[in-house]
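Each chain, written out:
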Amino acid sequence: MPETPITIEADSAPTVKFADFGLAPEILRALTDQGYIHPTPIQAAAIPIVLQGRDVMGAAQTGTGKTASFSLPIIQLLLAHANPSMSPARHPVRALVLTPTRELAVQVAENVKAYAQHTPLRSTVVFGGMDMKGQTVILKGGVEIVIATPGRLLDHIEQKNVSLGQVQMLVMDEADRMLDMGFLPDLQRIINLLPKKRQNLMFSATFSPEIKKLANSFLTDPATIEVARSNATADKVTQIVYKVADEAKRDVVEFLIRGRDLKQVLVFSNTKIGASRLSRHLEQGGIKATAIHGDKTQQERMAALDAFKKGEIDVLVATDVAARGLDISDLPCVINFDLPYNAEDYVHRIGRTGRAGASGDALSVFSDKDERLLVDIEKLIKQTITRGELAGFVASSGSSGSGARGEAGGERRPRRDEGAGGARSSGRAPERERGGERSFGAERGAASGRSGPYPRREKVDPWFLTPYEPAKKSAPVAVEQVGASAKPKQKIAVLLGGSPKQ
DNA sequence: AAAAAAC
């Protein structure tokens with residue numbers, strides 16, 4: 001496939017204004033209401049293309065302004081083309097946005113609502129975990145734009161609360177994530193209910209082979225827009241990893257949080273139980289913390305997110321439900337209580353910090369048995385992460401086996417944190433009862449020699465073998481953004497081998 | 001091995 005990459009220089013973007021796109025005055029008003037004048041690079045690239053009615057395959061992470069890049073032109077197009085439907089009251093849904101998680105759906109819906117506030121267009125969000133009734137009333141009342149998670153949408157469809165026969169535009173947000181989560185069959189079912197003639201926009205963090213297949217099935221002659229990964233791993237984020245014994249991770253994370261004056265910290269755990277336990281542990285230590293994960297009720301999830309955003313709590317302990325998409329931005333610090341099994345997720349997680357020009361710290365604790373994960377991560381981000389040492393702690397290497405050098409025999413090295421340039425995290429040691437240095441060795445018989453290889457995850461979905469509708473070919477437009485601000489010289493390839501290759 | 005998502 002011959003591509004003609006168009007490179008957009010980062011500093012060229014601000015010269016364009018939203019006002020240059022020919023958007024309706026109502027939309028521009030909503031934008032100026034919120035102080036938006038200049039589009040981000042992906043917006044500058046995508047908006048004109050979407051306005052042309054073309055399908056788009058966009059690779060962009062959260063924080064790049066992705067949501068506006070599809071919502072603004074959608075609103076514009078819906079405004080411009082009067083509803084051709086004979087009975088607008090019965091089948092008014094004309095644009096459908098699908099997202100993998102409920103929180104992301106809510107967030108996208110909030111944006112759409114804000115952008116469309118001065119227009120007559122109605123929008124709503126439907127997702128699981130909540131009572132069907134309220135959603136049903138709104139759907140039946142008629143809305144032009146629906147933002148939904150797939151499962152609940154299908155539920156509404158089955159109950160005939162909504163009909164999608166008039167949908168002109170479909171957006172699949174975080175498509176890669178939807179695949180990961182096994183939403184393919186649901187997507188297929190939903191798409192089969194849509195008119196054949198429609199505009200499709202698909203966004204994904206990467207262009208994996210699976211995503212390309214999905215694009216081939218669902219998109220027609222798509223323009224390809226690729227934006228550099230967020231600068232998460234660039235200079236602005238100080239990354240440090242601390243190697244500690246497994247049982248010590250909890251205390252080390254607490255130590256790190258305290259060392260940061262309890263400023264808003266997002267902590268990631270690989271498991272729901274781990275997230276709950278850690279949050280409870282922190283609370284017991286007097287830290288205002290809450291957990292967010294899939295076993296919490298939707299009310300709890302929303303309350304937790306809300307409280308964190310408002311600053312009512314200082315620490316949010318999350319599973320990967322919060323790794324992507326969520327607009328928890330500009331955090332000063334993200335901590336990985338566990339290294340993610342999926343190296344990609346590391347990038348997503350730490351992308352919560354150091355955004356929009358701010359600097360940030362991404363700290364991770366790991367133990368022997370996770371060495372392999374760290375290797376994968378460093379390979380992906382193409383850099384070696386600083387090994388940090390903690391003042392007052394001895395990070396035992398507890399080499400597999402028994403690693404008997406605990407506090408008793410082990411040499412103590414109460415080091416001032418020195419490496420880790422700019423590691424403000426070293427801060428002061430907590431003044432709690434623990435007093436001086438502690439040794440987190442393998443005294444409890446850590447990691448008993450288990451170090452098998454980590455199986456690679458590979459999911460093959462047979463459904464892929466039957467393309468929904470063969471896509472026609474033509475020269476796709478490829479747009480690349482050079483790493484914003486930092487070093488204009490280094491191109492995308494450097495930013496996270498997310499596989500820009502073909 | 002884990003997470004997410006419909007009831």
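Residues numbered from 1 in each chain as written. Chains lettered and ligands numbered in written order. Predicted model: local features only at pLDDT ≥ 70, side-chain atom pairs only at ≥ 80, totals over all residues. Heavy atoms only, no water.

- Identification of chain A as DEAD-box ATP-dependent RNA helicase RhpA from Massilia atriviolacea is taken from an unreviewed UniProt entry.
- Under the UniProt heading Sequence similarities (unreviewed entry), the entry covering chain A gives this text: "Belongs to the DEAD box helicase family."
- Comment text from UniProt for chain A, heading Catalytic activity (unreviewed entry), reads "ATP + H2O = ADP + phosphate + H(+)". (UniProt positions renumbered as here; feature names shortened; annotations may be inferred.)

What to know about helix 9 (residues 209-218)
- Buried within helix 9 we find Ile211, Leu214, Ala215, Ser217 and Phe218. Here the buried residues of helix 9 occupy an arc of 165 degrees about the axis, which is enough to place them on one side.
- Buried residues in helix 9 make contact with strand 2 (56-59), strand 6 (169-172), helix 7 (175-180), helix 8 (184-192) and strand 7 (199-204). (Buried < 20%, exposed > 50% of the residue type's maximum accessible area, 1.4 Å probe, protein only. Helix = DSSP H or I, 4+ residues; strand = E, 2+ residues; numbered from the N terminus. Arc of directions from axis to C-beta. Contact = heavy atoms within 4.5 Å.)

As for the environment of phenylalanine 308
- Note that phenylalanine 308 resides in helix 12 (residues 298-310).
- Spatially, the C-alpha atoms of phenylalanine 308 and proline 209 are 36 Å apart, while their sequence positions differ by 99 residues.
- If we skip the residues at most four places from it in the chain, phenylalanine 308 touches Gln264, Val265, Leu266, Ile313, Asp314, Val315, Leu316, Ile328 and Leu331.

Topic: the sheet that holds strand 10 (residues 265-268)
- Overall, parallel pairing links the 7 strands, which are arranged 11-12-10-13-14-9-15 in an open sheet. Every interior strand has two partners, whereas the edge strands, strand 11 (289-292) and strand 15 (386-387), have only one.
- Summarising the sheet, strand 10 and strand 12 (residues 315-318) pair through 4 bridges and their orientation is parallel. Looking across to strand 12, one finds that phenylalanine 268 is bridged to alanine 318.
- Across the face of the sheet, helix 12 comes into contact with strand 10, strand 11 and strand 12 while running at roughly 135 degrees to strand 11. (Pairing = 2+ DSSP bridges. Axes fitted to C-alpha atoms, helices over the stretch in contact; angles between N-to-C directions.)

Let's talk about unusual backbone geometry
- Of note, aspartate 221 is a non-glycine position whose phi angle comes to about 50 degrees, a positive value.
- According to the relative accessible area criterion, aspartate 221 is partly exposed, its value standing at 23%.
- Positive phi values are uncommon outside glycine, yet lysine 382 reaches one of about 55 degrees.

Some words on the side chain of glutamate 144
- Here glutamate 144 is to be found in the loop between helix 5 (132-141) and strand 5 (145-148).
- A polar contact is formed between the side chain of glutamate 144 and the backbone nitrogen of arginine 122, at a distance of 2.7 Å. (Polar contact = N/O pair within 3.5 Å; in protein donor to acceptor, adjacent residues only side chain to side chain.)

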